[in-house]
Amino acid sequence: MTYGKGLRPLAALTALTLTAAFALVFFFAPLDADQGFVQKIFYVHVPIGIVALVGFMAGGVFAIQHLRTRDPRHDLRSYVAIHIAIVLALGTLVTGSIWAKASWGSWWVWQEPMLVSFLIVFLLYACYTPLRFSIEDKERQARYASVFAIVAGAFVPLNFAAVRMAEAYIHPRTFATTGGGMPGDMFLTFLVALAGVGLLFVTLWKYEMASKNATFKLRALRRTLAGDELAPVPRSAAPTL
Amino acid sequence: MRRAVGALLRKDLLVELRTKEAVPAMALFSISTFVVFHFGLDRSSLDGSLAAGVLWVTLLFAAVLGINRLFVAEVEQGGFDGFLLAPVDRTSLLVAKALALLAFLVLVQLIAIPAFAFLLLGPSLWQALPELLAVLALADIGLAVIGTLVSAIAIRTRARDLIVPILLLPLLIPVVLAAAQATAPLLALDGAGPLPGRWLAILAIYDGVFGLLAYAIFDFLLED
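Residues numbered from 1 in each chain as written. Chains lettered and ligands numbered in written order. Predicted model: local features only at pLDDT ≥ 70, side-chain atom pairs only at ≥ 80, totals over all residues. Heavy atoms only, no water.

Caption draft 1: Quick look at the overall build of chain B. The number of helices and strands found in chain B is 9 helices and 0 strands. Ordering the α and β elements of chain B from the N terminus gives α-α-α-α-α-α-α-α-α. Per-residue burial for chain B yields a buried fraction of 50% across its 224 residues. A sequence separation of at least 24 residues applies to 80% of the contacts in chain B between residues at least 6 apart. Counting every atom, chain B has about 9800 Å² of accessible surface; 68% of that belongs to carbon and sulfur. Of note, chain B has its 14 positive side-chain charges centred 7 Å away from the centre of its 17 negative side-chain charges. (Helix = DSSP H or I, 4+ residues; strand = E, 2+ residues; numbered from the N terminus. Buried < 20%, exposed > 50% of the residue type's maximum accessible area, 1.4 Å probe, protein only. Contact = heavy atoms within 4.5 Å. Areas by Shrake-Rupley, 256 points an atom, 1.4 Å probe, with all protein chains shown as cover. Lys, Arg positive; Asp, Glu negative; His and termini not counted. Charge placed at Lys NZ, Arg CZ, Asp CG, Glu CD.)

Structure (structure tokens):
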């Protein structure tokens, strides 16, 4: 299967959408009455947070498919989706922390359920790679990683519900009412930014899949040429086909 | 399946009774942790949310010890091979192990909670015992289900003792959070407050979701 197909127009569309999103953020969206300029981090922080969570869920869905079909390609898809989502989740934590410092005066706010839930989810998914790395047998590694991805995927919404109940609610109620509790031009900017980050996720995912597939093909060709003299593949957390 | 679960559970309890490997260590660990908390916090009596937090963190860490050991005999002495050869439903191993872990947790708590009341707790334990038992029961089910699942995942990895805690702690944060929040008003200094029902609901939902999930995917951890 070729993941490189359509990658170029997709990448161009992503670049275009992200540029448009940033243009809207800086030149179109109004300044927030309370927070001023710093509120604009919202257009980065919330989209990457949402896309990271969707990426974790997608990893869980691919994992279910992997367990059902035993096709190692689904495991690779799950691995790549979770991998990119972890990076985005780290970005969400950093931007959230910056925003918290600017608007609430502290780098870390324990009363903030979204930030705390995100930290817990991040800590859980941070175990994904060590877990894979500590299982040598590739088939078992894929199976166990899928079980983990499914459990963690179910854990994400439960964790958000539990932590939100525990803490006083001080997070900005952005979507309290339909259409957003914010003015229309802010909401439009947010939607474009969300689309841009979503496209970025899909592009990176396809790019990584194409790169991995090329590596596997190259390795297979080398093995055919060199025979058994080839050095063995080093132990790794990444799936191999 | 009921007969298989019964046989496996009896085997596990019998092994524990003869080797006394997990429960005494877990109980001793909890009491040592209470002493550590006494010095760490420099407090001689606790109440309210601090007492609930100390109690639940201690019980959680004690559970980690038992969860680390849960499948060790199965791997080291060929229990898995014997089980896989037997013509029984594979999920019965999950049910039996979770019940065994639940029994260990209850035994440990029978020692640890009186010790906590004796060593650290300011208000009387009797003021809210039935409510506390309800919280304990729901939290223990969650601990047992997730513990069995994580133990089964970690047992075949190279860094078993390291994988269990790093996987288990984030997964159990909702349980500890809900249990501690539900326990805090029960241990208040000025008489037990009412039991917040929504925390019990969170615990029950957690138990239900992960119980069903574990039931659905446990098979995949056994195919070798």
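Caption draft 2: Main features of the nonpolar core. Judged by nonpolar contacts, the single largest core of 131 residues is most densely connected at A:Phe56, A:Tyr125, B:Trp56, B:Phe210 and B:Phe218. Of the residues forming this core, the biggest block, 15 residues, is contributed by helix H6 (residues 138–166) of chain A. Among the nonpolar cores identified, the runner-up in size contains 11 residues, and A:Phe42, A:Trp99, A:Met186 and A:Phe190 belong to it. (Core = buried A, V, L, I, M, F, W, Y, C linked by side-chain atoms within 4.5 Å.)

Caption draft 3: Structural view of a nonpolar patch on the surface. Side chains of A:Phe22, A:Phe26, A:Phe27, A:Leu31 and A:Phe37 sit close together on the surface and give an oily, nonpolar patch of about 630 Å² of accessible area. Tracing the chain through its elements places A:Phe37 in the loop between helix H1 (7–28) and helix H2 (42–69). (Patch = residues over 30% accessible without salt bridge, like charges linked within 9 Å, V, L, I, M, F, W, Y side chains within 5 Å. Salt bridge = Lys/Arg side-chain N within 4 Å of Asp/Glu carboxyl O.)

Caption draft 4: Representation of unusual backbone geometry. Residues and elements named next belong to chain B. Backbone geometry at Lys20 places phi at a positive 50°, although glycine is not the residue there. Residue classification places Lys20 among the exposed residues on the basis of a relative accessible area of 53%. Even without being glycine, Asp42 reaches a positive phi, approximately 55°. Counting through the fold element by element, Asp42 comes out in the loop between helix H2 (23–41) and helix H3 (48–69).

Caption draft 5: Just the interface of chain B and chain A, in detail. Taken together, the contact pairs 30 residues of chain B with 27 residues of chain A. Of the roughly 2800 Å² buried between chain B and chain A on both sides combined, carbon and sulfur atoms contribute 75%. Inspection of the chain B/chain A interface yields 1 salt bridge. Note that A:Glu136 and B:Arg158 form a salt bridge whose closest N and O atoms lie 3.0 Å from each other. (Buried area = accessible area lost by both parts, 1.4 Å probe.)

Caption draft 6: Quick peek at the packing of aromatic side chains. If you walk through the whole model with that rule in mind, you get 15 aromatic pairs over all chains. Here the guanidinium or amino end of B:Lys97 rests over the ring plane of B:Phe71, the centre of that ring lying 5.2 Å away. (Phe/Tyr/Trp six-rings, centres within 6.5 Å; stacked < 30°, edge-to-face > 60°. Lys NZ or Arg CZ within 6 Å of the ring centre and 35° of its normal.)

Caption draft 7: Quick look at the confidence of the model for chain A. Averaged over all residues, the pLDDT of chain A equals 85, while 90% of them reach at least 70. Ignoring residues within four places in sequence, the model shows residues 176–180 of chain A, a span with pLDDT below 50, making 5 contacts including any to other chains. (pLDDT = per-residue confidence, 0-100.)

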